[in-house]
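A look at the structure
So the chains spell out like this:
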Amino acid sequence: MHCSYYGGVRILSGIQPSGTPHLGNYLGALKQWADSQNSEAFYCVVNLHALTLQIDPEELRSQTFDGVAWLLASGLDPEVCTLFIQSQVPYHAQLSWLLENVATFGELSRMTQFKEKASRQDGYRAGLFTYPVLMAADILLYNAQEVPVGDDQRQHLELTREIAERFNNRFGETFTLPVGVQPKSAARVMDLQDPSRKMSKSVSSPLGSLSLLDDAKEIDKKIKKAVTDTDNEVRFDWENKPGLSNLLEIFSAFSGETPEAVAERYTRYGDLKGDLSALVAESLAPITARYHELRANTNQLNEIIDLGAEKASKVASATYERAAKAMGLI
Ligand code: TYM
């Protein structure tokens, strides 16, 4: 794990447009995207990935615009970086097919996220299985050196590197090998009601997940009710105090202190929870307000995504052509 950024590093990352982002999405991804953006950074709303889920077409369309508005509200500046919608750049799906013939059935079968998601639905879609290959295509099309993501995407990143390396060995030097980058704190925000599993849109209970649309009252209620433990010592210790350590990491991600330093200032869980809920509410309020403003202006969003699609396509088409040619396609 590292988190150093310098100007000009080529970055790509993406987020699914499947409902309002939660605190894990914000701290694991959106916040670090805003902090690391530069003229060589590409961020996308991955609506092709959302097709693997049960999602109504109208809802998908609308949530894709929501996603763009959340990226902007989190601080991405389309005059600095490139912000685009995955389906508007056809090379993602095209490269994915080429890479499906480099990745193996065996390695896709070992993907934890696939196994988890497949076990929760009958008749899951074939796209759920090949999903990580599409993700590899997203990354490799942009010659990304760094991919800022939460901890749960680590295995997909490893697979991307393997696919790229295999391709390069078989067909000649074509792709850049990317590394995953995680934030110092809160790379894995846990469910507030069950700190043994990550905060998630699809699995967490309403009290377990904190949405970016929650108001100060809801934030306070969820943090006050967050599951901790019964021995009343404030200490950063993931093994023995996962619930409390999760809260300390969230605190640390917003305040910039280390979780240990935060822990030292408190003796009572209640005081820590009170200050944390105020800090979270205060930090999220301007983002939520900006989201509502941006979401109401569809013309502006359309201008931004048109520009993004154009900028992204230039880079993606060159990489796609190189890869297709290397594989012998005419
Ligand atoms: P998605 O849409 O599930 O999540 C978006 C980002 O949020 C991070 N994240 C978390 N971080 C910390 N704690 C959590 N509880 C938590 N939950 C989610 C994710 O790690 C991610 O960074 N497959 C990806 C989307 C994707 C992508 C890509 C990412 C498609 N193509 C190319 C990077 C590069 C996904 O489903 O993320």
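Note that the coordinates shown come from a computational prediction; the quantities given were computed from them, not determined experimentally.

Concerning the packing of aromatic side chains
- This model, assessed by the stated rule, comprises twelve aromatic pairs.
- For the ring pair Phe114 and Phe129, a centre distance of 5.0 Å and an interplane angle of 75° mean the geometry is edge-to-face. Residue Phe114 is located in helix α6 (residues 112-120), and its partner Phe129 is located in helix α7 (residues 126-141); the two are separated by 15 residues in the primary sequence. For the pair formed by Phe114 and Phe129, the shared burial category is buried.

Focus on the packing of helix α3 (residues 57-73) against helix α12 (residues 269-295)
- Their axes nearest at 8 Å, the elements α3 and α12 cross at an angle of 130°. One element, α3, and the other, α12, form an angle in the oblique class. The element α3 and its partner α12 pack so that their crossing is right-handed. Across the interface between the two elements, Ser62, Phe65, Asp66, Ala69, Trp70, Leu72 and Ala73 from α3 touch Ile287, Thr288, Arg290, Tyr291, Leu294 and Arg295 from α12.
- Here the residues of the contact of α3 with α12 sort into eight nonpolar, two polar and three charged.

A closer look at the side chain of Ser185
- With respect to the secondary-structure elements, Ser185 resides in the loop between β5 (179-181) and α9 (216-224).
- Side chain to side chain, Ser185 and Ser252 meet in a polar contact 2.5 Å long.
- Beyond its immediate chain neighbours, meaning those up to four positions away, Ser185 contacts Glu249, Ser252, Ala253 and Pro259.

Description of the site of the ligand
- Neighbouring residues of the ligand: 27 residues in total, closest Gln16, Tyr131, Asp138, Asp152 and Val189.
- Interatomic distance of 2.9 Å between a backbone N/O atom of Gln16 and an oxygen atom of the ligand.
- In the environment of the ligand, a nitrogen atom lies 2.6 Å from a nitrogen or oxygen atom belonging to the side chain of Asp138.
- A total of 710 Å² of accessible area belongs to the ligand in isolation, and the protein chains cover 95% of it.
- Those elements giving two or more residues to the shell around the ligand turn out to be β1 (11-15), α1 (23-36) and α7.
- Grouping the constituent residues of the shell around the ligand by class yields 13 nonpolar, ten polar and four charged.

A closer look at the confidence of the model for the protein chain
- Of the residues in the protein chain, 98% reach a pLDDT of 70 or more, and the chain-wide mean stands at 96.
- A low-confidence stretch, residues 1-6 stays under pLDDT 50, and its non-local contacts, those more than four residues away or across chains, total 20 contacts.

Considering the side chain of Ser74
- As for its position among the elements, Ser74 is in the loop between α3 and β3 (82-85).
- What makes Ser74 buried here is its relative accessible area of 8%.
- Contact partners of Ser74, with chain neighbours within four places excluded, come to Tyr26, Leu30, Ala34 and Ile287.

Re the domain arrangement of the protein chain
- We note that the domain assignment places domain 1 (11-187 + 297-327) and domain 2 (216-292) within the protein chain.
- Taking only C-alpha atoms, the centre of domain 1 and the centre of domain 2 are 30 Å apart.
- The interface of domain 1 with domain 2 comprises 13 residues on the first partner and twelve residues on the second.
- Buried area between domain 1 and domain 2, summed over both chains or domains, comes out near 1100 Å², and the portion from carbon and sulfur atoms is 71%.
- Seen at the junction of domain 1 and domain 2, the total is zero salt bridges.
- Remark: the boundary between domain 1 and domain 2 carries three residue pairs in polar contact (both at pLDDT 80 or more).
- Of all the elements in the fold, those that place two or more residues in the side of domain 1 that touches domain 2 are α1 and α3.
- The dominant element in the side of domain 1 that touches domain 2, judged by the number of residues it contributes, is α3, at five residues.

Here we look at α3
- When the terminal C-alpha atoms of α3 are compared, their 24 Å separation across 17 residues agrees well with the 24 Å that a helix rising 1.5 Å per residue should span.
- For α3, the set of buried residues is Leu60, Gln63, Thr64, Phe65, Asp66, Gly67, Val68, Ala69, Trp70, Leu71, Leu72 and Ala73.
- At the C-terminal side of α3, Gly75 shows a positive phi close to 120°.

Quick notes on unusual backbone geometry
- One non-glycine residue, Asn143, lies in positive phi territory at about 50°.
- With respect to the secondary-structure elements, Asn143 resides in the loop between α7 and β4 (146-148).
- For Ala186, which is not a glycine, the phi torsion comes out positive at approximately 65°.
- As for its position among the elements, Ala186 is in the loop between β5 and α9.

What to know about the pattern of salt bridges
- Summed over all chains, the structure comprises 19 salt bridges.
- With its nearest N and O atoms 3.0 Å apart, the salt bridge here joins Arg188 to Asp151. On the criterion of sequence distance, the pair formed by Arg188 in the loop between β5 and α9 and Asp151 in the loop between β4 and α8 (154-171) is long-range, its members being 37 residues apart.
- For Arg188, a relative accessible area of 35% translates into the label partly exposed.
- A network of salt bridges, in which partner residues are shared, links Asp151, Arg154 and Arg188.

Scoring rules and cut-offs
- Residues numbered from 1 in each chain as written.
- Predicted model: local features only at pLDDT ≥ 70, side-chain atom pairs only at ≥ 80, totals over all residues.
- Heavy atoms only, no water.
- Phe/Tyr/Trp six-rings, centres within 6.5 Å; stacked < 30°, edge-to-face > 60°.
- Helix = DSSP H or I, 4+ residues; strand = E, 2+ residues; numbered from the N terminus.
- Buried < 20%, exposed > 50% of the residue type's maximum accessible area, 1.4 Å probe, protein only.
- Axes fitted to C-alpha atoms, helices over the stretch in contact; angles between N-to-C directions.
- Parallel < 35°, antiparallel > 145°, perpendicular 65-115°, else oblique.
- Left-handed = near helix turned anticlockwise from the far one by under 90°.
- Contact = heavy atoms within 4.5 Å.
- Nonpolar A, V, L, I, M, F, W, Y, C, P; charged D, E, K, R; others polar.
- Polar contact = N/O pair within 3.5 Å; in protein donor to acceptor, adjacent residues only side chain to side chain.
- Near = heavy atom within 4 Å.
- Areas by Shrake-Rupley, 256 points an atom, 1.4 Å probe, with all protein chains shown as cover.
- pLDDT = per-residue confidence, 0-100.
- Domains from an automatic or database assignment.
- Buried area = accessible area lost by both parts, 1.4 Å probe.
- Salt bridge = Lys/Arg side-chain N within 4 Å of Asp/Glu carboxyl O.
- Expected span 1.5 Å × (residues − 1).

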